[in-house]
Structure formats: C-alpha cells, structure tokens
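# Reading the structure
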Number of protein chains: 4
Amino acid sequence: MKGLTIKELKVGDKEDFEKTISESDVYLYAGITGDLNPAHINQREAESSIFKGRIAHGMLTAGLISAVLGMKLPGPGTIYLSQELKFLAPVRIGDTIKAEVEVIEKIEEKNRIVLNTICTNQNGELVLKGKAVVMPPK
Amino acid sequence: MKGLTIKELKVGDKEDFEKTISESDVYLYAGITGDLNPAHINQREAESSIFKGRIAHGMLTAGLISAVLGMKLPGPGTIYLSQELKFLAPVRIGDTIKAEVEVIEKIEEKNRIVLNTICTNQNGELVLKGKAVVMPPK
Amino acid sequence: MKGLTIKELKVGDKEDFEKTISESDVYLYAGITGDLNPAHINQREAESSIFKGRIAHGMLTAGLISAVLGMKLPGPGTIYLSQELKFLAPVRIGDTIKAEVEVIEKIEEKNRIVLNTICTNQNGELVLKGKAVVMPPK
Amino acid sequence: MKGLTIKELKVGDKEDFEKTISESDVYLYAGITGDLNPAHINQREAESSIFKGRIAHGMLTAGLISAVLGMKLPGPGTIYLSQELKFLAPVRIGDTIKAEVEVIEKIEEKNRIVLNTICTNQNGELVLKGKAVVMPPK
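The notes below deal with the structure included here. (Residues numbered from 1 in each chain as written. Chains lettered and ligands numbered in written order. Predicted model: local features only at pLDDT ≥ 70, side-chain atom pairs only at ≥ 80, totals over all residues. Heavy atoms only, no water.)

## So, the relation of the copies chain D and chain A
After a rotation of 180 degrees and a shift along the axis of 0.0 Å, chain D superposes on chain A with an RMSD of 0.0 Å. Between the two chains, the operation in question is that of a two-fold axis. For chain D, the smallest separation between a C-alpha atom and the rotation axis is recorded for Gly31 of chain D, amounting to 1.7 Å. Looking at the interface residues of chain D, 100% of them are also at the interface in chain A, so both copies use one shared face. (Least-squares fit on C-alpha atoms with pLDDT ≥ 70 in both. Contact = heavy atoms within 4.5 Å.)

In structure tokens:
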C-alpha cells in the first residue's frame, strides 16, 4: 500500500469519504479525547443550548479529512504537515458527512501539496472548510 | 456547568489536559474516522516507514486541544470557530501528551477570543502547535 | 492536577457530573465487565421483563460517582476506600443521569472524608444512593 | 435464559468470573464514566503517585462482581438491590482479577439473598471485598 507521489498528483485531483456519524462515534470520541463537554454527551443540557440537541465534536468531523488524505489522496505514506479548519455549522448525531479534498497547488521542490478540504452534510450544507498541506510519499 | 464569559477571561489565562495515548485510543480513533492508514494500525508496514513504528493520528492529538477548550477554558458553552494546526513531530503509542491553551487576544465586540494551542510530549518536545478562535459562552 | 486536601474540604461541599447514557455506553460496559445479562443487551428478552426494555448496569451508573470523586471532589490524588450502593430504580438507555457527591463528615486524624453519593435521572427520580469513604490527596 | 430462583439457591453456593484487565478496558471505562483521573490514563503522573503507575478504576473491578451475579449466580432475571465495596489494593493494567460470589443468607419471605463478594488478583491478594443483596428471578 503506497499513495501517490507528487509526480503522479495533479492540481484538480479529488477524493472523498462519507459516513453517518453515530452516537457511538461521538461517545467514543469523547472518551478518547477527554472532551466530555455537555454539548456532546448531555441531552438535557444540549436541548437548552443554541444547538437544541447533542452535536458531534468539530474535531471529529475533521478526522474524516485526515482519513481521505491518509487513505486515498495522496494515500498511505503521506505526512500531514498542517491543517486549517473553520467550523461552519453543527454536525448532529445521525448526519451523513462527506469529507472532500482537492489538490490546489503542487510545490515540487519541497515535495508538498496544498489541498482544499471541505465537509458537507446530507443536505449539501458546508459544515467545515479549510486547507491542508501534506508531503506525498516518495 | 458553564464556562467563562469573555468578561471573565484574561489574556494570559492558561489551561491544560494530559493523557497517555494508548493503542486502543489509536485503534478506536481509526475506526471512528475511517483513517486506517497503515502508519497507525499496521506495525509491519509502520516499522519500515520513516517513523519506525505505528504513530497516533495527528488529528487525534488535536482532539486534546478541543477537550481543553470545551471542558476548561473557556469551558462548556464555548463555540469552536476555527483552528490552525501544524503537526511538528510524531506521537507514538505510549506517549504522554499535554495539550495547553492560552488566551492571546480578546475581541469583545464580536465575543471572540484567540488562543495559542500547543501539544508537547513527556520529553517536552513540541508535537503540535496552532491557534484557535472560539466564542465563549454568554 | 491535584485535588483538594482534607484541610481545603468542608462539610457541605458538593460536586456533580451529568451525562446521557447511550446504547454504546451500555454495550461497551457489558463487554468490559463481561456482564452480558439479557436485561442489558437483549431487547427481545428485556421487553418481556419487569423493566419492559433494556436497562443500564447499576454498576455503570455507580461509575459516574467515581468520576465525580476522582475528577472534582476531592479530585486527582484521591484514594477510594469504600462505597455503599443502593440501586433504587432502573436507568434506561437515553436517560440523563446526574451523579452528585456531598461531604458529610471529615475524619482529620485518619485523613478520611465521608460523602453522600446519589444519582438522579432527568425527571429528578433517585436511581441510586449510598455513601463513599475516600482519602483526599495530601 | 433464566437464573436460579430462591428455592434453587443454597447457602454456600459459589460462582466466579475471571479476566485480565487490559489497557483498553481501563481507557474505555474512563470514557464511559467520565473518570479521566490521571491515576488511570496518565502514565507520567501515575508513575509519581503512591501506586507507581496507572491503575484500573476500583469501580471497574466491581463490575466483574455484577457480571457473576447477573450471568451465573443467581443469573439472568436477578434484580440488584445493593452492594457494599471495600477497595483494598490497586488493580494494575495486566492483572488477572477473579470475582467470586457466595450465597451467605436467604430471606425467602422477601425473595432476597445476601452474598459475599470478593475480587482477588493473580497472586491471590484480595483487592476488593463486600456484600451484595439481590432478588433472584421468580
């Protein structure tokens, strides 16, 4: 298993990964990270919040981007250098989130590529956007 | 449970959270996000990589920052607006990672604060750095 | 991170932690402890029981008390000596349970404190009560 | 699946369940209960504690007692009324813990039995002891 090298990658290349975020995803993520904020695991408090119910951790959604980068584009062997994230809308338990990445720049002399990274829900709403910089495998 | 409001927060306020990253953390995180990159879950392949063994997902480490923001500073009720992340060094299974956040700017008219966010390992090495922008609870 | 010493604690001090008990909490707890009693993980059998549906393990609810003692009051460094538990009402998947502890006695010469420990659901019903004895950190 | 009724149970009846406590048991239990006390999940801090390393939650060990009661003696259909627990020695990741229960009293008119409940480690050390009161299935 080896991902694409910088020579094999082109500006405009795209990949995605989509999954429905389950209650168990949110609860396990809370336990792994220690983020037991009531917004995520307390239905009673979350109902009286601005979001009117429990929401997934924004950083959990961001993990789906990491999955596309590490699994598909560029894929195995990629080294993750940086990521910018803007959290635009809440993700609820049961939402189906698609993470998409697109190559927007190649920096061949440094073996780096820049990608647009976005996540949308089942209604096409943008819930997260940002940019990633990675080193593709050699 | 309610976090600190912008009036209660001061530039220089700091909080942290520290945990030892277990193999089960990495495996569960892989399952939740779909990031089954061999670097994280394939010891045989990971040994022959630049990192000489399995490493935690960079975005898993970033989740510890989210935990400090949502649990401690500002705490419950905080809305996460954006996060920049630079992944500086690998985190291995068994490393003890401390995530620290520090308020560096208050934008009162927009109810926003900017925080430096860093993660270090048990040897004091910086493994991740970046900045977060959040809205404290009202 | 260090909890409160016996000198810092006062009779009447209180803390709590609240979460919604998810199906995944019950299933993971069943797997960890080996308590695969059909009351917890078999909807068909549980429906024909006195509880008319799957219920959480009483000892899982008790774990929320342990969380308050170890995380908040007295907090990190506390040594758990004993716990009495009376299971008063079933906890169902989806119930939001609040665990509360209150210092009721200080035994300074032995560095021990006694606490009332109760758990209530989202309707204010008492589901568990008991007492804990702990040694606060020195 | 139905457990033993009070008529089928005799004073002196015994059952047990034994398992090795894994790191993943402790980490998942921490996430489920919210008990992220550094004693359980922070190797660096735990090493400098009285226990010289991470220990399992006492209440996790207690869950093995619940497993014997609910699975074997009396078994499915049992209603757990109360439990006393004394935590006598730390349980470490990798310890093999045997939970044993023994009927010590029958209260037929109330359909209740009282059991001695103990947990020992692989060296035969008593780590937890107490008593349970349960209603066997009818």
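## With respect to the pairing of strand 2 (residues 79-87) of chain A
One face of the sheet, then the other: side chains in a regular strand alternate in exactly this way. Alignment of strand 2 of chain A against strand 5 (residues 126-135) of chain A, held across six bridges, turns out to be antiparallel. Note on strand 5 of chain A: the bridge partner recorded for Ile79 of chain A is Met135 of chain A. With five bridges joining them, strand 2 of chain A and strand 2 (residues 79-87) of chain B adopt antiparallel strand pairing. Paired with Glu84 of chain A across the strands is Glu84 of chain B, a residue of strand 2 of chain B. (Pairing = 2+ DSSP bridges. Helix = DSSP H or I, 4+ residues; strand = E, 2+ residues; numbered from the N terminus.)

## Thoughts on the sheet that holds strand 2 of chain B
Paired through backbone hydrogen bonds, the strands of a sheet run either parallel or antiparallel to each other. Taken in spatial order, the 10 strands of this open sheet run 1(A)-3(A)-4(A)-5(A)-2(A)-2(B)-5(B)-4(B)-3(B)-1(B), and their pairing is antiparallel. The sheet is open, and its two borders are formed by strand 1 (14-20) of chain A together with strand 1 (14-20) of chain B, each paired with just one other strand. Neighbouring strand axes in the sheet, compared pairwise and without regard to direction, differ in orientation by 20 degrees on average. With nine bridges joining them, strand 3 (residues 96-107) of chain B and strand 4 (residues 112-120) of chain B adopt antiparallel strand pairing. Within strand 4 of chain B, the residue paired with Glu100 of chain B across the bridge is Ile118 of chain B. Most of the contacts of helix 4 (residues 58-71) of chain A go to strand 2 of chain A, to which it runs at about 140 degrees, and overall it touches strand 1, strand 2, strand 3 (96-107), strand 4 (112-120) and strand 5 of chain A together with strand 2 of chain B. (Axes fitted to C-alpha atoms, helices over the stretch in contact; angles between N-to-C directions.)

## Here we look at the interface of chain D and chain A
The interface is formed by four residues belonging to chain D together with four residues belonging to chain A. Summed over both sides, the interface between chain D and chain A buries roughly 290 Å², with carbon and sulfur atoms accounting for 80% of that surface. Together, Leu28, Gly31 and Leu36 of chain D form the three largest contributors to the area buried by chain D at its contact with chain A, with a combined 84%. Linking chain D to chain A there are zero salt bridges. The interface formed by chain D and chain A holds zero residue pairs in polar contact (both at pLDDT 80 or more) in total. For the side of chain D that touches chain A, the per-class residue count stands at two nonpolar, two polar and no charged. (Buried area = accessible area lost by both parts, 1.4 Å probe. Salt bridge = Lys/Arg side-chain N within 4 Å of Asp/Glu carboxyl O. Polar contact = N/O pair within 3.5 Å; in protein donor to acceptor, adjacent residues only side chain to side chain. Nonpolar A, V, L, I, M, F, W, Y, C, P; charged D, E, K, R; others polar.)

## Here's the deal with the sheet that holds strand 1 (residues 14-20) of chain D
If you walk across this open sheet you meet the 10 strands as 1(C)-3(C)-4(C)-5(C)-2(C)-2(D)-5(D)-4(D)-3(D)-1(D), and the pairing is antiparallel. Pairing within the sheet leaves two strands with one partner each, and these edge strands are strand 1 (14-20) of chain C together with strand 1 of chain D. Across the sheet, the axes of successive neighbouring strands diverge by a mean angle of 20 degrees, strand direction being ignored. Together, strand 2 (79-87) of chain C together with strand 1, strand 2 (79-87), strand 3 (96-107), strand 4 (112-120) and strand 5 (126-135) of chain D form the strand contacts of helix 4 (residues 58-71) of chain D, whose direction differs from that of strand 2 of chain D by roughly 140 degrees.

## Some thoughts on the side chain of Thr78 of chain B
With respect to the helices, strands and loops of the structure, Thr78 of chain B is situated in the loop between helix 4 (58-71) and strand 2. At 2.5 Å, the side chain of Thr78 of chain B and the backbone oxygen of Gly75 of chain B are in polar contact.

## Considerations on the interface of chain B and chain A
Taken residue by residue, the interface counts 37 residues in chain B and 37 residues in chain A. Of all residues in chain B, Ile32, Met59 and Phe87 of chain B bury the most surface against chain A, accounting for 21% of the area lost on that side. Between the two partners, chain B and chain A, sit zero salt bridges. One can count 10 residue pairs in polar contact (both at pLDDT 80 or more) joining chain B with chain A. Counting only elements with at least two residues in the side of chain B that touches chain A, the list comes to strand 1, helix 1 (23-33), helix 4 and strand 2 of chain B.

## Topic: the relation of the copies chain B and chain A
Superposing chain B onto chain A takes a rotation of 180 degrees combined with a translation of 0.0 Å along the rotation axis, leaving an RMSD of 0.1 Å. Same-surface contact between copies: 100% of interface residues of chain B are shared with the interface of chain A.

## Side note on helix 1 (residues 23-33) of chain C
Listed in full, the buried residues belonging to helix 1 of chain C are Ser24, Asp25, Val26, Tyr29, Ala30, Ile32 and Thr33 of chain C. Within two residues after helix 1 of chain C, Gly34 of chain C carries a phi angle of roughly 80 degrees, on the positive side. (Buried < 20%, exposed > 50% of the residue type's maximum accessible area, 1.4 Å probe, protein only.)

## A word on the packing of aromatic side chains
Counted under the stated rule, the structure contains six aromatic pairs over all chains. Ring geometry for Tyr29 of chain A versus Tyr29 of chain B: centroids 6.1 Å apart, planes at 40 degrees, classification tilted. Within this pair, whereas Tyr29 of chain A is found in helix 1 (residues 23-33), its partner Tyr29 of chain B is found in helix 1, the two belonging to separate chains. Each of the two residues, Tyr29 of chain A as well as Tyr29 of chain B, counts as buried. With a centroid separation of 4.6 Å and an interplanar angle of 35 degrees, the aromatic rings of Tyr80 of chain C and Phe87 of chain D are classed as tilted. Within this pair, whereas Tyr80 of chain C is found in strand 2, its partner Phe87 of chain D is found in strand 2, the two belonging to separate chains. The two residues Tyr80 of chain C and Phe87 of chain D agree in class, both being buried. (Phe/Tyr/Trp six-rings, centres within 6.5 Å; stacked < 30°, edge-to-face > 60°.)

## Quick word on the environment of Ile118 of chain D
Residue and element names in this part refer to chain D. Tracing the backbone shows Ile118 in strand 4. Measuring from C-alpha to C-alpha, the distance between Ile118 and Lys129 comes to 4.3 Å, with 11 residues separating the pair along the chain. Filtering out sequence-adjacent residues up to four positions away, Ile118 remains in contact with Lys98, Ala99, Glu100, Leu126, Leu128 and Lys129.

## Quick look at the environment of Glu102 of chain D
All names here are of chain D. Within the secondary structure, Glu102 sits in strand 3. Separated by 98 residues in sequence, Glu102 and Leu4 place their C-alpha atoms 14 Å apart. Once residues lying within four places of it in the same chain are set aside, the contact partners of Glu102 are Gly12, Asp13, Lys14, Val114, Leu115 and Asn116.

## Focus on the pattern of salt bridges
Counting across every chain of the model gives 22 salt bridges over all chains. Between Glu108 of chain C and Lys7 of chain C there is a salt bridge; the shortest N-O distance is 3.5 Å. Residue Glu108 of chain C is found in the loop between strand 3 (96-107) and strand 4 (112-120), and its partner Lys7 of chain C is found in the segment before strand 1; the two are separated by 101 residues along the sequence. Residue classification places Glu108 of chain C among the partly exposed positions, given a relative accessible area of 41%. Under the relative-accessibility criterion, Lys7 of chain C is labelled exposed at 68%. A salt bridge links Lys10 of chain C to Asp13 of chain C; the shortest N-O distance between them is 3.3 Å. By relative accessible area, Lys10 of chain C is classed as exposed at 52%. The exposure class assigned to Asp13 of chain C is buried, which follows from its relative accessible area of 16%. Beyond isolated ion pairs, a larger network of salt bridges with shared partners links Lys7, Lys106 and Glu108 of chain A.

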